[in-house]
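Structure at a glance
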Amino acid sequence: QYHIFLVYNQNCAVSLRSGNILKGLAKASMVVKMTQKAKTHKMVLTAMFTAIIIAMAFVPYMGYIPLGFMNATIIHIPVIIGAIVLGPKIGAFLGGIFGLTSMINNTINPNLTSFVFSPFYSVGEVHGNLNSVIICIVPRVLIGVVAYYVYKAVSKLIKKNGNVIALAVAGVAGSLTNTIFVMNGIYFLFGSSYAAAKGIMTEALYGVILGVIGTQGIPEALVAGVLVSAITKAILKVANKSSLLPN
């Protein structure tokens, strides 16, 4: 007897024996249809998360909370959830969308330190530049990537109630990735200009940076941990039943 192997997506094979070809073809057709449905579902969810990020970015007080000297944000939460549900590549894409919306917001609705996020905004002799793009985009791209791999790592380490704990830790890790990389990027790429804009000595700047991380970044991270855990747990429960999302 002869065997024919139809390999799909490197992890799905159907063996067709000479006396059972029709049945095998039917199974192969079902596999293709399920995979196509999964891809469509993934595209729809990606578009949905993108729309949520854009809405949160531009609807007043929905995603950004003005603090005068800077805006606190919760837009990283859909980025983290999207990364856990859809994978690190989609998470990086969603983070990039977050970064672009941040750049646009800091250009059209600037505050005292918007030059660190927008290359198109200036305050006196201080101008935004390519470093503004780096600060605005790179940390946000890393949010989803870090959150995804932290979630996977913690899930493997903790078996009992590991999923809930892993989701919470991933939420905290993704949020802190944003805060730590953004604030340290400001220090290393715009240190003296940022200090001048805030009216402080350059020598005292890193103390201010640490203060922002502690007073703004830590609460943001705790909120992210709670929300990511609650929302993503519900999404994954539905996804596991439908078998439409990547593992």
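Overview of the structure. (Residues numbered from 1 in each chain as written. Predicted model: local features only at pLDDT ≥ 70, side-chain atom pairs only at ≥ 80, totals over all residues. Heavy atoms only, no water.)

Along the backbone of the chain there are six helices and six strands. Its helices and strands in sequence order give the chain the pattern β-β-α-β-β-α-α-β-β-α-α-α, from N to C terminus. The contacts of the chain with a sequence gap of at least 6 include a subset with a gap of at least 24, amounting to 63%. Accessible surface for the chain amounts to roughly 13,200 Å². Of this, 69% is attributable to carbon and sulfur atoms. (Helix = DSSP H or I, 4+ residues; strand = E, 2+ residues; numbered from the N terminus. Contact = heavy atoms within 4.5 Å. Areas by Shrake-Rupley, 256 points an atom, 1.4 Å probe, with all protein chains shown as cover.)

This part is about the side chain of Thr 73. Mapped onto the secondary structure, Thr 73 falls in strand 4 (residues 71–73). Assessed through its relative accessible area of 5%, Thr 73 is described here as buried. A polar contact of 3.0 Å, which involves the side chain of Thr 73, links it to the backbone nitrogen of Ile 75. (Buried < 20%, exposed > 50% of the residue type's maximum accessible area, 1.4 Å probe, protein only. Polar contact = N/O pair within 3.5 Å; in protein donor to acceptor, adjacent residues only side chain to side chain.)

For the coordinates displayed, the defined rule picks out four aromatic pairs. Aromatic side chains Phe 115 and Phe 190 sit 5.7 Å apart centroid to centroid with 70° between the ring planes, which places their arrangement in the edge-to-face category. Taken together, the residues Phe 115 in the loop between helix 3 (88–108) and strand 5 (122–123) and Phe 190 in helix 5 (residues 162–198) connect sequence positions 75 residues apart. The burial state of Phe 115 is the same as that of Phe 190; both residues are buried. Ring centres of Tyr 148 and Tyr 149 lie 5.0 Å apart, and the angle between their planes is 85°; this geometry places the pair in the edge-to-face category. For Tyr 148, a relative accessible area of 13% translates into the label buried. Within the aromatic cluster, the residues linked to one another by ring pairs are Tyr 187, Phe 188 and Tyr 206. One Lys or Arg, Arg 140, reaches over the ring of Phe 98 and ends 4.5 Å from the middle of that ring. (Phe/Tyr/Trp six-rings, centres within 6.5 Å; stacked < 30°, edge-to-face > 60°. Lys NZ or Arg CZ within 6 Å of the ring centre and 35° of its normal.)

Turning our eyes to something else, we now look at the packing of helix 3 against helix 4 (residues 130–157). As a packed pair, helix 3 and helix 4 sit with axes 7 Å apart at the nearest point and diverge in direction by 150°. In terms of their interaxial angle, helix 3 and helix 4 are classed as roughly antiparallel. The hand of the helix 3/helix 4 crossing is right-handed. Judged by residue contacts, Pro 88, Gly 91, Ala 92, Gly 95, Gly 96, Phe 98, Gly 99, Leu 100, Ser 102 and Met 103 of helix 3 engage Val 133, Cys 136, Ile 137, Arg 140, Val 141, Ile 143, Gly 144, Val 145, Tyr 148 and Tyr 149 from helix 4. Per-class residue counts for the contact of helix 3 with helix 4 are 13 nonpolar, six polar and one charged. (Axes fitted to C-alpha atoms, helices over the stretch in contact; angles between N-to-C directions. Parallel < 35°, antiparallel > 145°, perpendicular 65-115°, else oblique. Left-handed = near helix turned anticlockwise from the far one by under 90°. Nonpolar A, V, L, I, M, F, W, Y, C, P; charged D, E, K, R; others polar.)

For helix 4, spanning 28 residues, the distance from its first C-alpha to its last is 40 Å, which sits close to the expected 40 Å at 1.5 Å a residue. Of all the positions in helix 4, only Ser 132, Ile 135, Cys 136, Ile 137, Pro 139, Arg 140, Ile 143, Gly 144, Ala 147, Tyr 148, Tyr 151 and Val 154 are classed as buried. Among the residues of helix 4, the N-terminal cap falls to Asn 129, whose side-chain oxygen and the backbone nitrogen of Asn 131 are separated by 2.8 Å. (Expected span 1.5 Å × (residues − 1).)

Each pair of packed helices can be described by the angle between their axes along with the distance between the axes. Remark: helix 2 (residues 76–86) packs on helix 3, axes separated minimally by 7 Å, with the N-to-C direction vectors making an angle of 165°. Taken together, the axes of helix 2 and helix 3 are roughly antiparallel relative to one another. Once helix 2 is placed against helix 3, the crossing between them reads as right-handed. Residues His 76, Pro 78, Val 79, Gly 82, Ala 83 and Leu 86 of helix 2 form the contact with helix 3, whose participating residues are Pro 88, Ile 90, Gly 91, Leu 94, Gly 95 and Phe 98. Split by residue class, the contact of helix 2 with helix 3 holds eight nonpolar, four polar and no charged.

Residue position: Asn 131 is located in helix 4. The class for Asn 131 is partly exposed, based on a relative accessible area of 24%. Measuring from C-alpha to C-alpha, the distance between Asn 131 and Leu 189 comes to 6.5 Å, with 58 residues separating the pair along the chain. Excluding residues within four positions of it along the chain, Asn 131 makes contact with Leu 189 and Phe 190.

Where nonpolar side chains cluster on the molecular surface, the patch consists of Leu 130, Ile 134, Val 138, Phe 188 and Leu 189 and spans about 500 Å² of accessible area. Listing elements by their share of the nonpolar patch, those giving two or more residues are helix 4 and helix 5. At three residues, helix 4 tops the list of elements feeding residues into the nonpolar patch. Assignment of secondary structure puts Leu 130 in helix 4. (Patch = residues over 30% accessible without salt bridge, like charges linked within 9 Å, V, L, I, M, F, W, Y side chains within 5 Å. Salt bridge = Lys/Arg side-chain N within 4 Å of Asp/Glu carboxyl O.)

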